[in-house]
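Residue strings, one per chain:
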Amino acid sequence: MKLVFERSVPGRGTAYLPEAPETTLDFPLRERPLRLPELAENQVDRHYTELAGETRGVNGGFYPLGSCTMKYNPAVLETAANQPGFTDVHPLQPDESVQGCLEVMRLAERYLCEITGMDAMTLQPAAGAHGEFTGLLLIKAWHRSRGDLARTKVIVPDSAHGTNPASAAMAGFEVVNIPSDSHGYVDLNALRSAAGPDTAGLMLTNPNTVGLFDPHIAEITRIVHDAGGLNYYDGANLNAIMGIARPGDMGFDVVHINLHKTFATPHGGGGPGSGPSGCKAFLKQFLPGIRISEENGMLRRAEAESRIGDVRSFAGNFLVVVKALAYLAMIGREGVTETASNAVLNANYMMNRLKDLYPMAYDATCMHEFVMTLEQMKHDTGVSALDMAKALLDYGMHPPTMYFPLIVHEALMVEPTETETMETLDEAVDVFRKIMEEAKADPERMHERPLTTRVRRPDEVKAARKPVVRYDFGT
Amino acid sequence: MGTYVPNTKAEQQKMLESCGFQSFDEMYACIPEELRLRKPLELPEGKTELEVTRAAEAAARKNRVYTTVFRGAGAYRHFIPSIVREVVGKEEFRTAYTPYQAEISQGVLQSIFEFQTDICELTGMAAANASVYDGATAAAEACEMCREKTRQRILVSATVDPKILSVVRTYSFGRGTEVAVVPEKDGVTDPDALRQMTDAETACLLLQQPNRYGCMEDADTAAEIVHGAKAKLIMSCNPIALAVMKTPGETGADIAVGEGQPLGLPLGFGGPYLGFMAADEKMMRKLPGRIVGETTDMNGTRCYVLTLQAREQHIRREKAGSNICSNEALCALTAAVYLAAMGPENLKRAALTCHANAASLKAKLTESGMKPVHCRPFFHEFVMQTADEAQAERILAALDREDILGGLPLGDGKILWCATEMNTPEEIGRTAAIVKEVLQA
C-alpha cells in the first residue's frame, strides 16, 4: 500500500477555507517547508478506504482477544455521543450552559458506583492504566494524610497485567511481586509474608488473569487490611462479574473501570478509552477531576478539598462516558447481570468444546476467558502459540491474546464475550480444531503461517534495530 | 429488553447443560456465597433504542451550543472538513484494538506511521509516538523523560496553562520529583529568573508556545539558558500555530508536545482529545507508549509493526518509563485525516486567519474601551483588562444574551480572548459593539 505522502502531488487540494485576510506575523516563523500531503479529497477518501480494508474491528468479525473484552459496539452509542449538544460544547462554558453534560457525568458516576460497590468516582482518567495510576495516588495521599510515610510498597501478583507494576512505579511505590499458587490464585502464604508495615496496598484483578475467580478473595483483602494497607481492584475483568459480585463487597477500597471494555465503547484501534477511578467514602476527598453537586436544581462543578491534583485536563474523555451511559441505559439492571452471565457462559462453552484437544492451563470453571497452554506441543513438535495464532489468520479469525499471562507458558488467552452467537462460537471451535489437525499433520508448515494475508510475519527485530518511525521525504 | 446478548434463553440453557451446569447460579458456584450480590442493582430497567435516543437527545438539549465562540484556553473551535468524520466513523478503525496482530492490522499501523510523520513535520522533530491522552499528560510524560538521577527538578514556566501545570504536579507527586515554577514578567517567562533557577539539578524546562496568555515566548533564549546548564527544553505547542511559527526542532528543543484537539477533534466538553509527543533522535527511545516502525515481512514486502516495545509496560513492567497502554489512536487517526485533507495550504490559511481575526478582535475591543494587558506578539489569544470582576461579568453576561461565548474570565477583571477561522468580521464587530455598550453604560 502506498503511504499518504507517496500519493501527494504539489498543488492538489480542496478549498476548505477562504483565503486568509492580510495579516502580519510579528514573531519568529518556521523556515522549513511543511510537507503535509497534498491530495484531492477523493484521494484522501480512497486512501483511508484502503487502510480500513486492512484493519480488523470487532464489529466486522469475531475478536476473542483475551483480557481486552472485545464486545460488539452498538451503533446507538455513536448516535448518542455525536449530537452537537455534546460535541460542540466548550469544557470551560458556564455551569448553567452545560447542565446536560453534568447530568450525564453524575448519572454515569452513580451507576458505576452501584456496579462496583464504591461510594465515589472520578471520570477524569482517560484509560485503564491512567485509572490505575489515579487509584494508586489516592492510596498514597491517604497514607500521607495520616502521617504514615513508611508505606512505600505495593504488592502485585506475578500474574498481573504489566500496567499494574508500571502504574505502581509511576506512583512512586516499590513493587513487591508475589507468586501465584498452582491454581493461579494468590499464594496466601506469600501474601502474608509480604504484607507488613511498609505495605501501601495490593493490586489485584478478580477474576484473575488466568480467568479464574479467586475464592480466597475475602481472606486476601483482610490480610492486606490487617497489615494497614489498602486494596486496589483492577477492573479489567469486570465483565465477568458485574451484577453478580462487587469489588466493594470483596474488601476493595479503590477500583478502576475500563469503559471501552465492559461498557462497549469502541476501542478505536487503541483508544480513546476511559478509565474512571472509584473509591470508598474515606478516600473521596482526594479524587481528581470535578465533583458535581446540586444547588436549587442546578448542577455545579467543584473540586474535592484534598484532591491529588488533575490527572488530565478538563473532565476526562467525556464523549466516551456518554457512550458508556447510553450502553448502560440500553441494557439496564437485568441486562448487566445477563451480560456478565453470558460472557462467562460463552467462555465455558468454548473451553469445554476445546479442552480435549487443547490443554487448558487450569482445570476449573472459567470466568469470562480461559487460557490454554501449548507448552507440551511446543516441546513435542516445535509448533508454538505464535504459530497457532498466525494460522488462525488464514481462517479470517482474530487470534487470542498470546503469551499472557506470563505465568503460563505458550499461552493463548481466549475471551469470546457475551455478544457472540452460538454459531460463531461453534465456527471458531471448528477452526481451532482444524488448525490443530494441520499442526499435527505438518508441524514445519506452521512456522510459515499465515499463508493467505498480504503481509506475513513482519520482521520485528529489524524494525527495532534500525528504527524507521517516519516517512523519508528523501531530502 | 435491550441487551446485546444474541443467544436465546433456550440456546443459553443448552449451552449451560453442555458445560454440565443446570443454571447460571451453578456456573457461578466458584464465587463464595457470602460475596454474591443477592439483591438487584439500583439501576433503571433496560430501555429500547428509541427511548435511549430520546433520553440522550434530551440531555444534549440541556447544553448550550453557542453560535459564536471567543473562548479557547486549551480547547479550540476550528473548522472540520466533512470528510474527517466520514473516514473516522468507519467501523474497522472505530472497533479495532491495538494492532497486536500486524498481518491484519496494516491499515491502522500505517495510519499511525503517517500520523507520526505528520507530527514530526509539524514540530520539526525526529521521531513521534502514536499519541498519549492529551496535551497535559503529554507534557507530564515529557518531564518524566528528562528526569535523571542527579537531575530531579522540573522547571515549569508560570505562563504554562494551569491545567497542564496541575497534571505535571500530580505526576511529580507520584514520582517524587520537584516542580519549581519560573515566574513570568510582562506575560512571558522571566529570562533572568530562569537563568537563576537553572542549575545542575535541573532536569528540564517546560515552556508553552504560544503561552497561556496567547503571547509568543522567546524560546531561543530559553533554549540557550536551559542547554547552557545541560538541562532539556520541552516545548508545548499549539499545532495550528506550528503551521507558521518557528518549530521546536528549529529552536533546538529536546522534546515537543501539545494538545492535538485543534486538528479535527470537536470540543466535546473536554474529551477525548489527543496528546502528541515528539523528540530528537537522542531521546527517541525514551518516548512513552506505542511507536510504529517500518520493516519488511517474510516476502520482503514493506510493512509496519509496533516497535521499540522493550520500553513498554507489558515487557518492562515496573521498570517501564510509563504505564501507558491504550492511548488515543482514533483521535490520532482523526488528526491524520484532518491534515491529509487540509494539506499545507488550508492549514496555513487556518493559522493566518486565526491570527488576523485575533488581531482584529483585539483592536476592536481596545477601541471599545478595554485595555490590552500585554504588549507582545501573540498568535490567536490575548488578555484584556476591564475595570473589575463585576464589569467583566457584565460584559460576558451581555454577550451570553446575544448567543456569544465571550473570553475566559481570569480574575481581577482580566479576560482571555481567542479568535479562530470560525469567527467572522461581523461577529467580531458585533462583539466589540456589545462590549462598548456595557462599558459606556
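Some details on the overall build of chain A
Reasoning step 1: Each helix and strand in chain A was counted, giving 15 helices and 12 strands.
Reasoning step 2: For 475 residues, the compact-globule estimate of 2.2 N^0.38 gives 23 Å, and chain A sits close to it at 25 Å.
Reasoning step 3: C-alpha atoms of chain A, sized along the principal axes, occupy 75 × 65 × 45 Å.
Reasoning step 4: Taking all 475 residues of chain A together, 60% fall into the buried category.
Reasoning step 5: Within chain A, residue pairs in contact and separated by at least 24 positions form 73% of the contacts whose partners lie at least 6 positions apart.

Digging into the overall build of chain B
Reasoning step 1: The helix and strand tally for chain B stands at 15 helices and 17 strands.
Reasoning step 2: Along the three orthogonal principal directions, the C-alpha set of chain B runs to about 80 × 55 × 50 Å.
Reasoning step 3: Of the contacts formed within chain B by residues at least 6 apart in sequence, a portion of 73% connects residues at least 24 apart.

Here's the deal with the sheet that holds strand 12 (residues 411–414) of chain A
Residue and element names in this part refer to chain A.
Reasoning step 1: Read from one edge of the open sheet, 3 strands run 10-12-11, paired in antiparallel fashion. Edge positions in the sheet fall to strand 10 (370–373) and strand 11 (401–402), since each has one partner strand and no second.
Reasoning step 2: In this sheet, strand 12 lies alongside strand 10 in antiparallel orientation, the contact comprising 4 bridges. Opposite M372, over in strand 12, you have L412 as the bridge partner.

What to know about the domain arrangement of chain A
Residues and elements named next belong to chain A.
Reasoning step 1: Along its sequence, chain A is carved into domain 1 (76–330) and domain 2 (333–452).
Reasoning step 2: In this structure, domain 1 and domain 2 have C-alpha centres spaced 30 Å apart.
Reasoning step 3: Facing 19 residues of domain 1, the contacting portion of domain 2 comprises 19 residues.
Reasoning step 4: When the residues that make up the side of domain 1 that touches domain 2 are grouped by side-chain class, the tally is 9 nonpolar, 9 polar and 1 charged.

Some words on the sheet that holds strand 4 (residues 199–204) of chain A
Residue and element names in this part refer to chain A.
Reasoning step 1: Taking strand neighbours across the sheet as the criterion, the 7 strands line up as 1-7-6-5-4-2-3 in an open arrangement whose pairing is mixed. Two strands close off the open sheet at either side, each with one partner strand: strand 1 (120–122) and strand 3 (174–178). Within the sheet, the average angular offset between the axes of one strand and its neighbour, ignoring direction, is 20 degrees.
Reasoning step 2: On top of the sheet, helix 4 (residues 99–116) reaches strand 1, strand 6 (254–256) and strand 7 (277–279); it is set at about 125 degrees to strand 1, its chief contact.

Points about the nonpolar core
Residue and element names in this part refer to chain B.
Reasoning step 1: Counting 305 residues, the largest nonpolar core has A139, L206 and I234 as the members making the most contacts within it.
Reasoning step 2: Here this core takes 23 residues from helix 13 (residues 329–367), the largest share from any one element.
Reasoning step 3: When near neighbours in sequence (up to four residues on either side) are disregarded, I234 contacts A139, A142, C143, C146, C204, L205, L206, L207, A253, D254, I255 and V257.

Looking at the domain arrangement of chain B
One frequently used descriptor of interface size is the decrease in accessible area upon assembly of the parts.
Residue and element names in this part refer to chain B.
Reasoning step 1: When cut into domains, chain B gives domain 1 (68–77 + 344–440) and domain 2 (82–338).
Reasoning step 2: On a C-alpha basis, the centroid separation for the pair domain 1 and domain 2 is 29 Å.
Reasoning step 3: Those elements that provide at least two residues to the side of domain 1 that touches domain 2 are helix 13 and strand 14 (381–385).
Reasoning step 4: At 6 residues, the largest contribution of residues to the side of domain 1 that touches domain 2 is made by helix 13.
Reasoning step 5: Among the residues forming the side of domain 1 that touches domain 2, the class breakdown is 14 nonpolar, 3 polar and 4 charged.

Some remarks on the pairing of strand 4 (residues 178–182) of chain B
The side chains of a regular strand alternate between both faces of the sheet.
Reasoning step 1: Bridge count between strand 3 (residues 153–157) of chain B and strand 4 of chain B: 5 bridges; the pairing is parallel. When the sheet's bridge partners are listed, S157 of chain B is paired in strand 4 of chain B with V182 of chain B.

Section: the environment of L122 of chain B
Residues and elements named next belong to chain B.
Reasoning step 1: Position of L122 among the secondary structure elements: in helix 6 (residues 106–123).
Reasoning step 2: Residue L122 is classed as buried on the basis of its C-beta count, with 30 C-beta atoms lying within 10 Å.
Reasoning step 3: Sequence separation between L122 and G249 is 127 residues; the distance between their C-alpha atoms is 9.3 Å.
Reasoning step 4: Non-local contacts of L122, meaning those with residues more than four positions away in its chain, are made with P239 and L242.

Brief notes about the environment of A140 of chain B
Residue and element names in this part refer to chain B.
Reasoning step 1: Positionally, A140 belongs in helix 7 (residues 135–146).
Reasoning step 2: Spatially, the C-alpha atoms of A140 and C215 are 22 Å apart, while their sequence positions differ by 75 residues.
Reasoning step 3: Beyond its immediate chain neighbours, meaning those up to four positions away, A140 contacts V167, V168 and Y171.

What to know about unusual backbone geometry
Residues and elements named next belong to chain A.
Reasoning step 1: Omega for the peptide link from N206 to P207 comes to 0 degrees, which places this bond in the cis form.
Reasoning step 2: With respect to the secondary-structure elements, P207 resides in the loop between strand 4 and helix 8 (217–226).
Reasoning step 3: In the segment running from R449 into P450, the intervening peptide bond is cis, with an omega of 0 degrees.
Reasoning step 4: Considering the arrangement of structural elements, one finds P450 in the loop between helix 14 (443–446) and helix 15 (460–465).
Reasoning step 5: If you check the backbone angles, R457 has positive phi at about 45 degrees while not being a glycine.
Reasoning step 6: Residue position: R457 is located in the loop between helix 14 and helix 15.

Remarks on the interface of chain A and chain B
Reasoning step 1: Opposite the 165 residues of chain A that make contact, chain B presents 159 residues.
Reasoning step 2: Element by element, the count of residues in the side of chain A that touches chain B is highest for helix 10 (residues 318–354) of chain A, at 22 residues.
Reasoning step 3: Residue composition of the side of chain A that touches chain B, grouped by class: 88 nonpolar, 48 polar and 29 charged.

Structural notes on the pairing of strand 7 (residues 202–209) of chain B
Residues and elements named next belong to chain B.
Reasoning step 1: In terms of burial, strand 7 is a largely internal element, 8 of the 8 residues being buried.
Reasoning step 2: Bridge count between strand 3 and strand 7: 4 bridges; the pairing is parallel. Bridge pairing in strand 7 places R153 opposite T202.
Reasoning step 3: The sheet contact formed by strand 7 and strand 8 (residues 232–237) spans 6 bridges and is parallel. Bridging across to strand 8, L206 finds its partner in I234.
Reasoning step 4: In this fold, strand 7 hands off to helix 10 (residues 219–228), which returns the chain to strand 8; that crossover is right-handed.

What to know about the packing of helix 6 of chain B against helix 13 of chain B
Residue and element names in this part refer to chain B.
Reasoning step 1: Between helix 6 and helix 13, whose axes approach to 9 Å, the crossing angle comes to 65 degrees. For the crossing formed where helix 6 meets helix 13, the hand is left-handed. Of the residues in helix 13, those in contact with V108, S111, I112, E114, F115 and D118 of helix 6 are A329, A332, L333, A335, A336 and L339.

Observations regarding helix 5 (residues 128–145) of chain A
All names here are of chain A.
Reasoning step 1: When the terminal C-alpha atoms of helix 5 are compared, their 26 Å separation across 18 residues agrees well with the 26 Å that a helix rising 1.5 Å per residue should span.
Reasoning step 2: Within helix 5, 14 of the 18 residues are buried, leaving the element largely enclosed by the surrounding structure.
Reasoning step 3: Backbone geometry just downstream of helix 5 places G147 in the positive-phi region, at approximately 75 degrees.

Brief notes about helix 10 of chain A
Residue and element names in this part refer to chain A.
Reasoning step 1: Across its 37 residues, helix 10 extends only 41 Å between first and last C-alpha, which sits more than 12% below the 54 Å expected from 1.5 Å per residue.
Reasoning step 2: In helix 10, a bend of some 95 degrees at G332 exceeds every other bend along the element.
Reasoning step 3: Here helix 10 lies mainly inside the structure; 33 of its 37 residues are buried.

Details of the environment of M105 of chain A
Residue and element names in this part refer to chain A.
Reasoning step 1: The topology assignment puts M105 in helix 4.
Reasoning step 2: Given 27 C-beta atoms within a 10 Å radius, M105 is considered buried.
Reasoning step 3: With near-sequence residues (within four places) excluded, M105 lies in contact with L123, I292, A315 and V321.

Here's the deal with the packing of helix 1 (residues 41–53) of chain A against helix 6 of chain B
Reasoning step 1: Between helix 1 of chain A and helix 6 of chain B, the least distance of the axes is 6 Å, while the angle of their chain directions is 130 degrees. Taken together, the axis directions place helix 1 of chain A and helix 6 of chain B in an arrangement best described as oblique. On helix 6 of chain B, the residues touching L51, A52 and G53 of chain A of helix 1 of chain A are G107, Q110 and S111 of chain B.
Reasoning step 2: A breakdown of the residues in the contact of helix 1 of chain A with helix 6 of chain B according to their chemical character gives 2 nonpolar, 4 polar and no charged.

Analysis parameters
Residues numbered from 1 in each chain as written. Chains lettered and ligands numbered in written order. Predicted model: local features only at pLDDT ≥ 70, side-chain atom pairs only at ≥ 80, totals over all residues. Helix = DSSP H or I, 4+ residues; strand = E, 2+ residues; numbered from the N terminus. Rg over C-alpha atoms; globule rule 2.2 N^0.38 Å. Buried ≥ 20, exposed ≤ 12 C-beta atoms within 10 Å, placed from the backbone. Contact = placed C-beta atoms within 7 Å. Pairing = 2+ DSSP bridges. Domains from an automatic or database assignment. Nonpolar A, V, L, I, M, F, W, Y, C, P; charged D, E, K, R; others polar. Axes fitted to C-alpha atoms, helices over the stretch in contact; angles between N-to-C directions. Core = buried A, V, L, I, M, F, W, Y, C linked by C-beta atoms within 7 Å. Right-handed = clockwise from strand over helix to strand, strands pointing away. Left-handed = near helix turned anticlockwise from the far one by under 90°. Expected span 1.5 Å × (residues − 1). Bend = angle between axes of the 7 residues up to and from the residue. Parallel < 35°, antiparallel > 145°, perpendicular 65-115°, else oblique.

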